[in-house]
Amino acid sequence: MGIPSTVTTPVEAPVGLLRAVADELQREDQQLLYPLMTRMNEVAEALGQGQSVDPDYIDEGIRVWSRYVNEVHQQRIERLYGVFQDIILLPATSDSHLARRGPHLRAAKKVAAREETSLDKYNEIRGTQARMAERILVLKGLAEAYRRGEYYSPQMLASLLRSGAFSDRAWAKYEEEFVQKYLNEHVAPDEEARLRKEVTASDALRAAVESEVQRFLARPIPPRKSPT
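For every chain, the first residue of the written sequence is number 1, and numbering continues from 1 onward in sequence order. Per-residue local features are limited, in this predicted model, to residues with pLDDT of at least 70; the limit for side-chain atom pairs, both in listing and counting, is 80 or more; totals at the level of whole chains, interfaces and linings are taken over all residues. Calculation of side-chain values draws on the structure's entire complement of heavy atoms; hydrogens and water are dropped beforehand.

### Details of the pattern of salt bridges
Only one rule defines a salt bridge in this text: a Lys or Arg side-chain nitrogen within 4 Å of an Asp or Glu carboxyl oxygen. Following the criterion strictly, the structure yields 14 salt bridges and no others. Among the salt bridges present, the one from D59 reaches R147, with a minimum N-O distance of 2.5 Å. Within this pair, whereas D59 is found in helix α2 (residues 55–87), its partner R147 is found in helix α4 (residues 103–148), the two being separated by 88 residues in sequence. Judged by relative accessible area, which is 25%, D59 ranks as partly exposed. Of the charged contacts, one joins R63 and E212 as a salt bridge, the two residues approaching to 2.8 Å between their closest N and O atoms. On the criterion of sequence distance, the pair formed by R63 in helix α2 and E212 in helix α7 (residues 203–218) is long-range, its members being 149 residues apart. Helix and strand assignments come from DSSP, with helices taken as H or I runs of at least 4 residues and strands as E runs of at least 2, each series counted from the N terminus. The classification of residues rests on relative accessible area computed with a 1.4 Å probe and restricted to protein chains. Under 20% of the type maximum is buried, over 50% is exposed, and intermediate values are partly exposed.

### A look at unusual backbone geometry
Despite not being glycine, Y152 has its phi angle at roughly 65 degrees, a positive value. Considering the arrangement of structural elements, one finds Y152 in the loop between α4 and α5 (153–186).

### Here's the deal with the confidence of the model for the protein
pLDDT is defined as a per-residue confidence score from the predictor, taking values between 0 and 100. Of the residues in the protein, 66% have a pLDDT of 70 or more, and the chain-wide mean is 78. Per-residue pLDDT, averaged within each element of the protein, yields its smallest value for helix α3 (residues 95–101) (46) and its largest for α7 (90). Note on definitions: a residue-residue contact is assigned when non-hydrogen atoms from the two residues lie within 4.5 Å. This stretch, residues 1–14, has a pLDDT under 50; its non-local contacts, to residues over four places away or in other chains, come to 21 contacts. When the criterion is pLDDT under 50, residues 89–113 qualifies, and its contacts beyond four places in sequence or with other chains add up to 22 contacts.

### What to know about the nonpolar core
Definition of nonpolar core: a set of buried residues of the types Ala, Val, Leu, Ile, Met, Phe, Trp, Tyr and Cys, connected through side-chain atoms within 4.5 Å. Counting residues in hydrophobic clusters, the biggest one holds 35 residues, and the most contacted among them are L47, I58, W65 and L161. Elements that contribute at least two residues to this core include exactly α1 (15–48), α2, α4, α5 and α7. Top contributing element to this core by residue count: α1, with 10 residues. Ignoring anything within four residues of it in the chain, the contact list for L161 reads M40, V43, A44, L47, W65 and L139.

Written out as structure tokens, the structure is:
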């Protein structure tokens, strides 16, 4: 009798399920984050060119950005992380057992290493959440300095708005690609109910924040009002 293999071979998940998860990620980014980051970059360009922008408008943009980072993205990233933790099974295989238990466990160890790397990569994405939240706090402080007319505050605010918009867009795209690839490779049919819950759980919150983004984007960038 051969030695039982500890390798769990993923079963292809329903195409509709994977498509639903991927579509949710892309919809959130394309309808909420990307348009908002485009506008914040436009604000940065206006400030960088010496234009005077209404501080209330800047505050509103940063507030909506903060809602995305600290509510929508925070909840989604933790829910997906829980899914990944449940999917990943790391066989407890020691090096001392590997040689005498044959090729099956060598294959299992390779799978374990690959899975651990995948979890590390998603932990890297989770790590960006803290940096995004920290950036929002700094932006709020710079926006207040700009409102008070502090020296060099327009240039500093413009710089962080520009770099923050670029960074959040780039990480969102990376997260979309990583999650879609991971789900295609690892999700089994018994995860369908869990993932469907993940897909729909953020709908209400995302829709609320998206409506705020749309209201913000509907207004052109207003100039700073002259003191009365």
